[in-house]
Amino acid sequence: MGYRTNELGYPKDLLASRAIVERGNFALIPPQGLVKNTIPNFENCEMTILATPKMGASFVDYLCRVLPNGGNTKGFGGNGVESFIYVLDGELTVQIGEEIHELTTGGYAYCPPTETLKFENKSTNNTETFLYKKRYQEAEGYQPYAVVGNSNDIENQDYEGMTNVGLKDLLPTDLNFDMNFHILTFAEGGSHGYIETHYQEHGALLLSGEGMYNLDNNWMPVKKGDYIFMGAYNLQACYSVGTKGSLSYLYSKDCNRDVEI
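Counting starts from 1 at the beginning of each chain's written sequence and moves along it residue by residue. For this predicted model, a pLDDT threshold of at least 70 governs which residues receive local features, and a threshold of 80 or more governs which side-chain atom pairs are given and counted, while totals over whole chains, interfaces and linings are taken from all residues. Calculated side-chain values reflect all of the structure's heavy atoms, with hydrogen atoms and water omitted.

1. Observations concerning the environment of Thr48
And step 1. Where helices and strands are cited, they refer to DSSP runs of H or I of at least four residues and of E of at least two residues respectively, numbered from the N terminus. Summarising the element assignment, Thr48 is placed in strand β3 (residues 43-49).
And step 2. Exposure remark for Thr48: the relative accessible area of 1% places this residue in the buried category.
And step 3. Sequence separation between Thr48 and Asp61 is 13 residues; the distance between their C-alpha atoms is 8.7 Å.
And step 4. In contact with Thr48, not counting residues within four places along its chain, are Arg4, Leu34, Val35, Lys36, Asn37, Asp61, Tyr62 and Leu63.
And step 5. Distance and chemistry together define a polar contact, namely a pair of N or O atoms within 3.5 Å, with one atom able to donate a hydrogen and the other to accept it when in protein, and with adjacent residues in sequence counting only for side-chain atoms on both sides. A polar contact is formed between the side chain of Thr48 and the backbone oxygen of Val35, at a distance of 2.9 Å. When a residue's accessible area, from a 1.4 Å probe over protein chains only, is under 20% of the maximum for its type it is buried; when over 50% it is exposed; and in between it is partly exposed. In this analysis, two residues are considered to be in contact whenever any of their non-hydrogen atoms come within 4.5 Å of each other.

Right, here's the structure in full:
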């Protein structure tokens, strides 16, 4: 086990961190302090586990650095577990069933729970990815299907009537899916229209910019590379601030299902 940011040796300052973890409620996790995990079937991959049921999430998020000739060729997900991969930087060959797809930066693939997701880095450079899995919540008459695309090919929609906030839906919004992935982008000075409080959970990776995020009425600075978990009913909203351009993040959301009891 090593550290994802490769910060080794004697400390250069006081031991401190911006990380805050309130299990079952919310978490803010910066890159510093994240570790690399060894997981079966991920060959030549530097895996970092983010949100899990131990934190209170109903899903699992990972950062996966796929080294040249690395990947998972035995399959990830399946047997009732849906999966999703997003290419943060680099190139990746993805296979779902018999279909093979070539992804580049911004590319993504959703794998239904009846199949396994296989991928391989055939390039000579590292490929940075975000990986997700969740047990699919079935609904009679509905069945999800594989989706492959690239976020760069999707136009921003005005978010709730605000022209300085853009939304991209990465998956179809029909009832075959019990979750979706979105990219939300706030121009400098943009914000949510109100503080949200809802049943749905989120796992969010900041792709660009800087901002102030409200998690359970605690305002805290965030920036590119940070990971945020937002549990059910956690109060949440953000402002885009600073001089680093738009604040943008990739996030998951459970949806389209009633509550199981």
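Text resumes after the structure shown.
2. Regarding the nonpolar core
And step 1. Grouped together as the largest cluster of nonpolar side chains are 26 residues, with contacts concentrated most on Phe84, Tyr86, Phe130, Phe181, Tyr227 and Phe229.
And step 2. Contributing elements (two or more residues each) for this core: β2 (26-29), β4 (59-76), β5 (81-89), β8 (107-111), β10 (127-135), β14 (179-186) and β18 (227-230).
And step 3. In terms of residue count, the dominant contributor to this core is β14 (three residues).
And step 4. Domain boundaries shown here were taken from an automatic or database domain assignment. If you count residues domain by domain, this core takes at least three from each of domain 1 (36-152) and domain 2 (154-254).
And step 5. In this view, Phe181 contacts Phe84, Phe130, Tyr132, Lys168, Asp169, Leu170, Leu171, Leu250, Tyr251 and Ser252; residues no more than four positions away in its chain are not counted. Joining through side-chain atoms within 4.5 Å is the link that ties buried Ala, Val, Leu, Ile, Met, Phe, Trp, Tyr and Cys residues into a set, and such a set is a nonpolar core.

3. Observations regarding the packing of aromatic side chains
And step 1. Only Phe, Tyr and Trp rings are paired, with Trp represented by its six-membered ring, and only when their centres lie within 6.5 Å; those with planes under 30 degrees apart are stacked, over 60 edge-to-face, the remainder tilted. Using the criterion set out here, one finds 16 aromatic pairs in the structure.
And step 2. Three or more aromatic residues joined by ring pairs form one cluster here, namely Phe59, Phe84, Tyr108, Phe130, Tyr132, Phe181 and Phe229.

4. Some points on the domain arrangement of the chain
And step 1. According to the domain assignment, the chain contains domain 1 (36-152) and domain 2 (154-254).
And step 2. If you average the C-alpha positions of domain 1 and of domain 2, the two centres end up 21 Å apart.
And step 3. Accessible-area loss on putting two parts together, using a 1.4 Å probe and summing over both, is the definition of buried area adopted here. Between domain 1 and domain 2, the buried area comes to about 2200 Å², and carbon and sulfur atoms account for 68% of it.
And step 4. Together, Tyr142, Tyr145 and Ser151 form the three largest contributors to the area buried by domain 1 at its contact with domain 2, with a combined 20%.

5. Some details on the sheet that holds strand β20 (residues 247-254)
And step 1. Reading across from one edge, β1-β2-β18-β15-β20-β14-β13-β12 is the order of the eight strands in this open sheet, with antiparallel pairing throughout. Bordering the open sheet on either side are β1 (20-22) and β12 (157-159), each of which pairs with just one other strand. With strand direction ignored, the average angle separating the axes of adjacent strands in the sheet is 25 degrees.
And step 2. Across four bridges, the pairing between strand β15 (residues 202-208) and β20 is antiparallel. Note that in β20 the partner of Ala204 across the bridge is Tyr251. Here, strands pair whenever DSSP counts at least two bridges between them. Axis definition: a line fitted to C-alpha atoms, over the contacting stretch in the case of helices. Angles run 0 to 180 degrees between N-to-C directions.

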